[in-house]
Amino acid sequence: MAKQFSGNVFDKVQDEQRQGEVYTLEATAAGKKKMYLESYGCQMNFSDSEIVASIMAENNYVPTTALEEADVVFINTCSIRENAEQKVRGRLQVFRQHKKLKPDMTIGVLGCMAERLKSKLLEQEKLVDLVVGPDAYKDLPNLLSQVESGQPAVNVLLSREETYADITPVRLGGNGILAFVTIMRGCDNMCSFCVVPFTRGRERSRDAHSIIEECRDLWQRGYKEVTLLGQNVDSYHYTAADGSENVNFAQLLALVAQIDPGLRVRFSTSHPKDITDEVLHTMAAYHNICKNIHLPVQSGNTEVLKRMNRTYDRAWYLNRVEAIRRILPDCAITSDVIAGFCGETEEQHQDTLSIMELSGYTMSFMFKYSERPGTLAARKFEDDVPEEVKSRRLQEIIDLQGKLSLLSNEQDVGKTFEVLVEGPSRKSDEHFCGRNSQNKMIVFPKGNTQAGQYVKVKVERCTQATLLGNLVD
Ligand code: 5AD
Ligand code: SF4
């Protein structure tokens, strides 16, 4: 799916795992080496790819979209579910065919799969020349020299400090309007189903000054929206080395929002156990902090949540939803949902359906449970929900989300929203599309507007996925 990077996580109802997006900047300078980089997985991975491109640019590499021309081929990988890894293996076979025609081509695996499988990718599977984990990208130039001298190279060391705060990411494949800014790395939560704490290491927060500088620089370069990224943004906490400054997530949000009222601020992902009323009040205080919270529930049943080690129960989650509704009445809530976790009964599955309805999600990412080697769940519980039951439950979850999305969109018909114009709509050159604060996509006839502008659009009709409207003064 070499689709244009629209820069938004929320436009795919079924699968947030982005696949195989290839940079669109072509090599510009003669005499430079060419890097082909394909990225899979979550938004953090795409953000990391921009860091990799920056490190490579410093070392005389320019991106190319032509695989056959590349001196170096990188694949930035995802391990979250088995099928994500399968796709990467398929691509590695394709790269191998290219290498047969161009033997001096270097093939490198980056990201979560590199971290999970380490040197196995070199030794047992003999698929690649280079294996680099998410905290080792600064070592890429050394590792590439090692490969050039004929030695395969691996660096999968995880760090407690690395945040790449000193690297200015090269913005690739974007539209110059939306950008992603990583504010923290790693995760300390240890949800029992999740491989991320093993592949991305311990949680660490990036220096608040460098985040604000990056966002200010983006604003000055014409960007209109930043999304602050982290596995668990609510536990962001920056403390200056001398202890003189402390910045929590609510304070960081306010600082970014203050850069300019014209700069929209989004963030992802929130953890239900950590999202505070302070964050909600900060969102209420700033018009430019978008009113959308991605608050993954995973399951609606307290016993399943316990086995998942999510550290909240059904009542706690519903209390957080109630707080959002009270403090931010116009806020959209989106979620991640897992069908068929170990030991999930039919009644427990019904609790997931009912919490989805009670929370009124505008959109969810929905998955079948996929056992990941080495995780707590793989060690402690049997993956005992039969495949056909998982599929049926997932389908029920998808069907319900479809209804909830449609219901929510129908309630918006007749309302007028401020929309940040992103560009032409997928279906028609005569129409533009953009998102409202709630992150809903709105399509409207272009008129005299331009990408990057804020416009007012009155919604006239809707589908499950989109609002359709007309410009108003
Ligand atoms: N199986 C299925 N879904 C998973 N996720 C994480 N690990 C697994 C797994 N082993 C989902 C969760 C998480 C999202 C990023 O991916 O819903 O929030
Ligand atoms: Fe995985 Fe849980 Fe951390 Fe999210 S919060 S990355 S699901 S361990």
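What this report covers is the structure whose coordinates are included nearby. (Residues numbered from 1 in each chain as written. Chains lettered and ligands numbered in written order. Predicted model: local features only at pLDDT ≥ 70, side-chain atom pairs only at ≥ 80, totals over all residues. Heavy atoms only, no water.)

Each helix and strand in the chain was counted, giving 14 helices and 22 strands. At 22 Å, the chain has a C-alpha radius of gyration in line with the 23 Å of a compact globule built from 473 residues. Viewed in the frame of its principal axes, the chain has a C-alpha envelope of about 65 × 55 × 50 Å. Of the accessible surface of the chain, which amounts to about 19,300 Å², a share of 50% is contributed by carbon and sulfur atoms. (Helix = DSSP H or I, 4+ residues; strand = E, 2+ residues; numbered from the N terminus. Rg over C-alpha atoms; globule rule 2.2 N^0.38 Å. Areas by Shrake-Rupley, 256 points an atom, 1.4 Å probe, with all protein chains shown as cover.)

Bringing the packing of aromatic side chains into the picture now. Inspection of every chain in the model, using the stated rule, returns eight aromatic pairs. Taking the centre distance of 6.2 Å and the plane angle of 80° together, the rings of Y36 and F95 count as edge-to-face. With Y36 in strand 2 (residues 33-41) and F95 in helix 2 (residues 82-101), this pair connects stretches of sequence that are 59 residues apart. Of the residues examined, Y36 reaches a relative accessible area of 5% and is grouped as buried. (Phe/Tyr/Trp six-rings, centres within 6.5 Å; stacked < 30°, edge-to-face > 60°. Buried < 20%, exposed > 50% of the residue type's maximum accessible area, 1.4 Å probe, protein only.)

The subject of this paragraph is the site of ligand 1. Close to ligand 1 lie twelve residues; R81, F193, Q298, D336 and S370 are nearest. At a separation of 3.0 Å, a nitrogen atom of ligand 1 approaches a polar backbone atom of F193. Contact distances for ligand 1 include 2.7 Å between a nitrogen atom and a backbone N or O atom of S370. Within the complex, 91% of the 410 Å² of free accessible area of ligand 1 lies under protein. (Near = heavy atom within 4 Å. Polar contact = N/O pair within 3.5 Å; in protein donor to acceptor, adjacent residues only side chain to side chain.)

Taking strand neighbours across the sheet as the criterion, the three strands line up as 8-11-14 in an open arrangement whose pairing is parallel. Every interior strand has two partners, whereas the edge strands, strand 8 (178-182) and strand 14 (264-268), have only one. Across the sheet, the mean angle separating the axes of adjacent strands is 25° when strand polarity is ignored. One ladder, built from five bridges, connects strand 11 (residues 225-229) with strand 14; its direction is parallel. The residue of strand 14 that forms the bridge with E225 is R264. (Pairing = 2+ DSSP bridges. Axes fitted to C-alpha atoms, helices over the stretch in contact; angles between N-to-C directions.)

These results come straight from atomic positions and should not be treated as a statement about function.
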